[in-house]
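Structural description and commentary
These are the residues of each chain, in order.
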Amino acid sequence: MTQHHRLNSAPLVVLLQQWTREASERAAHPVSAPKPPDVAEQLSQWLGTVDAVQLSRALHAIESLPSQAAAAKRPALALNVAALTGLVQQTRADLEALMTTKPAAPKPLRARADNTPVELPDPMLDTDFATHAPRYLDLQKQMDLRLQTLRAQVRQAIAQGTATLRQIAALDAVMERMLASREQRLWALLPAHLERRLAHRQRQHQHRLMAQALADEPARWRQAGGWLWAFERDMQALLMAELQARVEPITGLLEAAQNDTTGQQE
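An account of the accompanying structure is given in this report.

About the criteria used
Residues numbered from 1 in each chain as written. Predicted model: local features only at pLDDT ≥ 70, side-chain atom pairs only at ≥ 80, totals over all residues. Heavy atoms only, no water. Helix = DSSP H or I, 4+ residues; strand = E, 2+ residues; numbered from the N terminus. Buried < 20%, exposed > 50% of the residue type's maximum accessible area, 1.4 Å probe, protein only. Axes fitted to C-alpha atoms, helices over the stretch in contact; angles between N-to-C directions. Parallel < 35°, antiparallel > 145°, perpendicular 65-115°, else oblique. Nonpolar A, V, L, I, M, F, W, Y, C, P; charged D, E, K, R; others polar. Salt bridge = Lys/Arg side-chain N within 4 Å of Asp/Glu carboxyl O. Bend = angle between axes of the 7 residues up to and from the residue. Contact = heavy atoms within 4.5 Å. Polar contact = N/O pair within 3.5 Å; in protein donor to acceptor, adjacent residues only side chain to side chain.

Another point: unusual backbone geometry. The residue Ala-213 is not glycine, and still its phi comes out positive at about 55°. Considering the arrangement of structural elements, one finds Ala-213 in the loop between α8 (163-212) and α9 (227-262). Take Ala-213: its relative accessible area is 68%, and that puts it in the exposed class.

Next up on the list: the packing of α8 against α9. At a closest axis distance of 10 Å, the pairing of α8 and α9 adopts a crossing angle of 170°. Classified by the angle between their axes, α8 and α9 sit roughly antiparallel to one another. When its residues are assigned to classes, the contact of α8 with α9 shows 17 nonpolar, three polar and seven charged.

Attention shifts here to the pattern of salt bridges. By the definition in use, this model includes 13 salt bridges. The shortest N-O distance in the salt bridge between Asp-144 and Arg-246 comes to 3.3 Å. Note that Asp-144 is positioned in helix α7 (residues 133-158) and Arg-246 in helix α9, a separation of 102 residues in sequence. For Arg-155, the salt bridge identified is with Glu-176, shortest N-O distance 2.8 Å. Placement of the pair is Arg-155 in helix α7 and Glu-176 in helix α8, with a sequence separation of 21 residues.

For the rest of this paragraph, the subject is α8. Owing to its 3.6 residues per turn, the α-helix aligns residues three or four sequence positions apart on the same side. The axis of α8 is deflected most strongly, by about 50°, at Ala-180. One or two positions beyond α8, positive phi appears at Ala-213, with a value near 55°.

This part takes up the environment of Thr-91. Structurally, Thr-91 can be placed in helix α6 (residues 81-100). For the pair Thr-91 and Leu-150, spaced 59 residues apart in sequence, the C-alpha separation works out to 7.8 Å. Those residues in contact with Thr-91 that lie beyond four places of it in its chain are Arg-146, Leu-147 and Leu-150. Polar side-chain contacts of Thr-91 include one of 3.0 Å to the backbone oxygen of Leu-87.

Okay, structure coming up:
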């Protein structure tokens, strides 16, 4: 029940469900959110028969790790959990800083020698998602690179600990390898959600103008309260939710190390 609650209340899931509801509010028959499947059913959709067999074999091998370690009389090294925690926090803070940094405003075209007024950038360019997609994809790439490295570092560190932590590290390596391609396909779907959100914000803006008989002012779109300003906040929210989802396995490893060090049970 705890895992079921955590999966279905994850910020990324909640955000996408909210966007779906808002986009369907004007429809004649609003879309109701389907009942999410339980954890076992979700995992079964990710793993095929061959994957399940490979996972079963890997789990049996992992179960034998404590006895192997005992036979080799391998001592467990003391973990510096505080240092690991600081490493995770710093990496996350760096990524959050990248995501919350406003993109540089486009520079106006240079004035002519005859003192012709400076031509400002065309606000209509920002209505095309192709203007925003490269930034999102670049931030996804940076997340991917930084968090892959961080996960390997944390896993390598806890693998030097007790037999239980060695098992957890080995299991995490197996799960990362088996689920990586499916996860990448899911991350690749997020820009499409963001593109639909851009269209939704623009429709909202047009409906408001029509309802209040207002003239459009493109120069105000990016100002506070404008529809492009709201879309920028949407993009930031999606990036932060994606980061939260991507960092979950790493925080899980860190929690295991903390619990093992303090003698607590999960």
